[in-house]
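Breakdown of the fold
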Amino acid sequence: MPTQPMLVREAGTAADPQTREVELQRRPLTRPEAAEVMAQIRRSPKITGYSTAEWTGRRDTFVLVDLTSGELLGALLTHHLAGNWCEIAVVFVLEAHRGRGYGRLLLGGALRTLAPSRKRQLLFFSAEGAMETMVRSAGFEVFPDEDSFVRGRPGRSIYLRSIYKAQWLSNIYRIREMRRKRRELDCSFTFKVALLETKKEPSK
Ligand SMILES: CC(C)(COP(=O)(O)OP(=O)(O)OC[C@H]1O[C@@H](n2cnc3c(N)ncnc32)[C@H](O)[C@@H]1OP(=O)(O)O)[C@@H](O)C(=O)NCCC(=O)NCCS
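These lines cover the structure that appears in this document, whether it is placed above or below. This structure is a prediction, so every number in the text was calculated from the model and none was measured. (Residues numbered from 1 in each chain as written. Predicted model: local features only at pLDDT ≥ 70, side-chain atom pairs only at ≥ 80, totals over all residues. Heavy atoms only, no water.)

**A few points about the site of the ligand**
To be explicit about the condition: We call a residue near a molecule or strand as soon as one heavy atom of that residue lies within 4 Å of the molecule or strand. In protein, a polar contact means a hydrogen-donor-capable atom and an acceptor-capable atom, both N or O and within 3.5 Å, with residues adjacent in sequence counting only if both atoms are side-chain atoms; elsewhere, any N or O pair within 3.5 Å suffices. Method for areas: the Shrake-Rupley scheme with a 1.4 Å probe, in which residue coverage is limited to the protein chains shown. Helix numbers and strand numbers start at the N terminus; a helix is a DSSP run of H or I with at least 4 residues, a strand a run of E with at least 2.
Lining the immediate environment of the ligand, one finds 19 residues, of which Val93, Gly99, Gly101, Arg104 and Thr133 sit closest. The separation between a nitrogen atom of the ligand and a polar main-chain atom of Val91 is 3.0 Å. The separation between an oxygen atom of the ligand and a polar side-chain atom of Arg98 is 3.4 Å. Starting from 960 Å² of accessible surface for the ligand in isolation, the protein chains cover 68%. Counting residues per element, the ones that place at least two in the shell around the ligand are β5 (85-93), α3 (102-114) and α4 (130-137).

**Re unusual backbone geometry**
Our working rule: Burial classification: accessible surface area is computed with a 1.4 Å probe over protein chains only, and a residue below 20% of its type maximum counts as buried, one above 50% as exposed, and the rest as partly exposed.
A positive phi is found at Asp186, a non-glycine position, where the angle reads about 55°. Mapped onto the secondary structure, Asp186 falls in the loop between α7 (172-184) and β8 (192-196). Residue class for Asp186 comes out exposed when judged on its relative accessible area of 68%. One non-glycine residue, Phe189, lies in positive phi territory at about 50°. For Phe189, the location among the structural elements is in the loop between α7 and β8. Under the relative-accessibility criterion, Phe189 is labelled buried at 11%.

**Brief notes about empty space enclosed by the protein**
Worth spelling out the cut-off: Note on definitions: the grid is 1 Å and covers protein atoms alone; a cavity is a set of points where a 1.4 Å probe fits but cannot get out; a pocket is an open set with protein on both sides within 12 Å along at least five of seven lines; lining residues have an atom within 4 Å of a point. Grid points are joined across faces, edges and corners, and a volume is the space filled by probe spheres set on the points. Residue polarity is assigned by list, with Asp, Glu, Lys and Arg as charged and Ala, Val, Leu, Ile, Met, Phe, Trp, Tyr, Cys and Pro as nonpolar; anything else, Gly included, falls into the polar class.
Within this structure, the stated rule accounts for one cavity of 30 Å³ or more. The calculated volume of the largest cavity comes to roughly 30 Å³. Together, Met38, Ile41, Arg42, Thr48, Gly49, Tyr50, Trp55, Tyr173, Glu177 and Lys181 line the largest cavity. Listing elements by their share of the lining of the largest cavity, those giving two or more residues are α1 (31-42) and α7. Here the residues of the lining of the largest cavity are counted per class, giving five nonpolar, two polar and three charged.

Below, the structure written as structure tokens:
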């Protein structure tokens, strides 16, 4: 389900600005696209990891592509959860294309596409910087950790610590990657939590 192509003006010279026509597509990644994204994520201490099967059809995924060259610029993976919850599990712009506004296009476009489902969007992220800027300006409420997210909300606590964890960890690739990254990249995997509540329809 492609969105309207967007023309993105990138840094070039003032006399010769570079432009790129990009499109957000809601589709599984091809195997080569998944291999590229997974190889870069394997080096990242901020993302646990998602398997080839998840990137190529098992999950609801979005890609941002250069329409002229077909080049993959970024990918986003959502995890539809039990109840009325959805996790934006990965927002990833390929290393060579960061800092040009693609992260914002990817997250904003995916959220607008998902909005009619009226699910609560959950997003975990591990560092300040572009991700925090993006989620705040997309309207998410940001909690410094899981404890603050569930404090005084027993429903959230039960959901996060049992239902969510069980669904999220039911993947051998992820468990293996978390172990490897803890060992090799010294990751702690402590995340901030961002929540975007479903907007209620205005009453008529
Ligand atoms: C996080 C990520 C998706 C951002 O993508 P990007 O294309 O580089 O980001 P953008 O160029 O769209 O910038 C998004 C916003 O963050 C801001 N930003 C960029 N770097 C920043 C920084 N270091 N600190 C604060 N804000 C920053 C930008 O100014 C922009 O805000 P604006 O639109 O209001 O100007 C990308 O860096 C990435 O893939 N990182 C690795 C994966 C990751 O950590 N993902 C998050 C966990 S799921």
